[in-house]
Amino acid sequence: MTREAVKSRQQVYFSESDIDYDDLTEICSQKTLQEDYSLSDSVSNNIVIYDANHLKSFIVNELKERILKTELHQVLENGPGVFVVRNLYEGEVIDHSNIIFEKIIEREIDTSNDHFASGTNIRIWNSFQKVALENADAFINYYSNEILKLVAESWCGPNSQMTAQVNIVRPGGEMQKPHRDYHLGFQENKVLEKFPISSHRLSRYLTLQGGIAHTDMPLETGPTVVLPYSQQYDLGYLTWRDEAFGDFFNKNAVQIQMNKGDGIFFNPAVFHAAGANTTNDFHRIGNLFQISSPFGKPIERIDYIKIINHIYPSLLEHLNKKNLSEKLIDNVLICATDGYAFPTNLDHDKNSDSKLQGMSMYELTKQSLLDSLSLEKFSLKLSELQHMRHAG
């Protein structure tokens, strides 16, 4: 057991000063042995490789499916945290989707930016919904993939929620900043420090990262760069913004060549980044997945808008008359508003230079109260925010 793991038994809240690269080095020095994953075809650069043509033989009954899902889960949890499925999609399905992507891009003149990279990369936010509205048959053919379903279930269980975003990296496109992803990967460190270590551990179980190669991806085109086993480091959500981390990642991370139709899947706590496209003429296309656990939703649907519009005048009066302190009002807002900036429409709800997420309902309400906005003006702002976040 690492020193960090021992310390975490006694310590609940951590900060950047607790980052220990000796621990991270020890964790990332593990080696992947193919004999530990009997259903795999091979191991390359510590990444477990499967072939869809082999895995299809397990889609025959619940028992065999469970055997497959158990091994995939073990890879993601206590193994390297990343695996590749060769031949996951047939070329015809990929080509049809690429034609639809081109149509969508032509309509979206002002393309969205990449959260973790600079340059001229092209993003299609919510390609999942856009493809469905563009061509129902293409959508059905793509998301009816049986192995994709089993992969999702292996980590998130049944009834997971799929989201997808197309990323096209043009020739000369720069490498992303290595990072962890949604949920806690989208929070600033000053916010992360407020979460107990149990939440840091839990975050990696709430989503599954994935990506489908919509073109061949030789190494020079920049397929995903990953740091196997790094999902096991509890303080990873605090680490990726650390100044020393970039060098550590570059020295220890690996890549694997992808072919059109291959899929890569990894624990969201695996440090990763889209690689640099160093070619002169090759556009690398990937359809990226964020697959979410169904348990990321509350048991009841709350109409926060109705609640906050009703109580806002009283809150404003209490604040102006100092009947309640800002702290107590804040306690009310935490209960009476949606404090999470997701899900949102990333086409319209842009991140700022300093934040990876837009404004939440809670933040808007708190600022409106501090600015002494009238109910009419606040309601208008809230309506605008909800409209911006709504799927188009």
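Residue numbers here run from 1 along each chain, matching the order of that chain's written sequence. Per-residue local features of the predicted model are confined to residues with pLDDT of at least 70, and side-chain atom pairs are confined, for both listing and counting, to 80 or more; whole-chain, interface and lining totals are unaffected and use all residues. Calculation of side-chain values draws on the structure's entire complement of heavy atoms; hydrogens and water are dropped beforehand.

**Observations concerning the overall build of the protein**
Consideration 1: Scanning the protein from N- to C-terminus turns up 16 helices and eleven strands.
Consideration 2: On the principal axes, the C-alpha backbone points of the protein span a range of 70 × 55 × 45 Å.
Consideration 3: Under the scheme applied here, a residue whose accessible area is under 20% of the maximum for its type counts as buried, over 50% as exposed, and between as partly exposed, the area being computed with a 1.4 Å probe on protein chains only. When burial is assessed residue by residue, the protein has 49% of its 392 residues classed as buried.
Consideration 4: Contacts are residue-level and defined by heavy atoms, with any inter-residue pair within 4.5 Å sufficient. Long-range pairs, those at least 24 residues apart, make up 83% of the contacts in the protein with a sequence separation of at least 6.
Consideration 5: Accessible area for the protein stands at about 19300 Å²; split by element, carbon and sulfur atoms hold 51% of it. A run of H or I in DSSP becomes a helix once it reaches four residues, and a run of E becomes a strand once it reaches two; helices and strands are each numbered from the N terminus. For the accessible areas, the method is Shrake-Rupley and the probe is 1.4 Å, while residue cover comes only from the protein chains on display.

**Re helix α12 (residues 245–252)**
Consideration 1: If you check which residues of α12 are buried, you get Phe245, Phe248 and Phe249. All buried residues of α12 project into a common sector of 95 degrees when viewed along the axis, lining one side. Seen from the buried face of α12, the exposed residues on the opposite side, beyond 90 degrees, are Asp247, Asn250 and Lys251.
Consideration 2: Residues of α12 that are buried make contact with α2 (21–28), β7 (225–226), α11 (236–239) and β10 (272–273). The arc under discussion is defined with respect to the helix axis, by the directions toward the C-beta atoms.

**Some thoughts on the pairing of strand β5 (residues 161–169)**
Consideration 1: Along β5, seven of the nine residues are buried, which leaves the element largely enclosed by surrounding structure.
Consideration 2: Pairing between two strands requires that DSSP report at least two bridges joining them. Taken together, the three bridges between strand β4 (residues 122–124) and β5 define a ladder with antiparallel strand orientation. Note on β5: the bridge partner recorded for Ile124 is Val166.
Consideration 3: Sheet analysis places β5 next to strand β11 (residues 284–292), joined by nine bridges and oriented antiparallel. Considered in β11, the bridge of Asn167 is made with Gly286.

**Focus on the pairing of strand β3 (residues 82–86)**
Consideration 1: Burial within β3 is extensive, with five of its five residues counted as buried.
Consideration 2: Two elements, strand β2 (residues 47–51) and β3, share four bridges in a ladder whose sense is parallel. Of the residues in β3, the one forming a bridge with Ile49 is Val84.

**Some details on the sheet that holds β5**
Consideration 1: The eight strands lie next to each other as β1-β2-β3-β9-β6-β11-β5-β4, forming an open sheet whose pairing is mixed. Both edges of this open sheet fall to β1 (42–44) and β4, since each of them pairs with a single strand only. Neighbour to neighbour, the strand axes of the sheet diverge by 25 degrees on average, direction disregarded.
Consideration 2: Axes, fitted as lines to C-alpha atoms, cover a helix only where it is in contact. Angles between the N-to-C directions of the axes lie from 0 to 180 degrees. This element, helix α6 (residues 127–134), spans β4, β5 and β11 of the sheet and lies at about 95 degrees to β5.
Consideration 3: Lying over the sheet, helix α8 (residues 146–156) contacts β3, β5, β6 (207–213), β9 (263–266) and β11, oriented at roughly 155 degrees with respect to β6.

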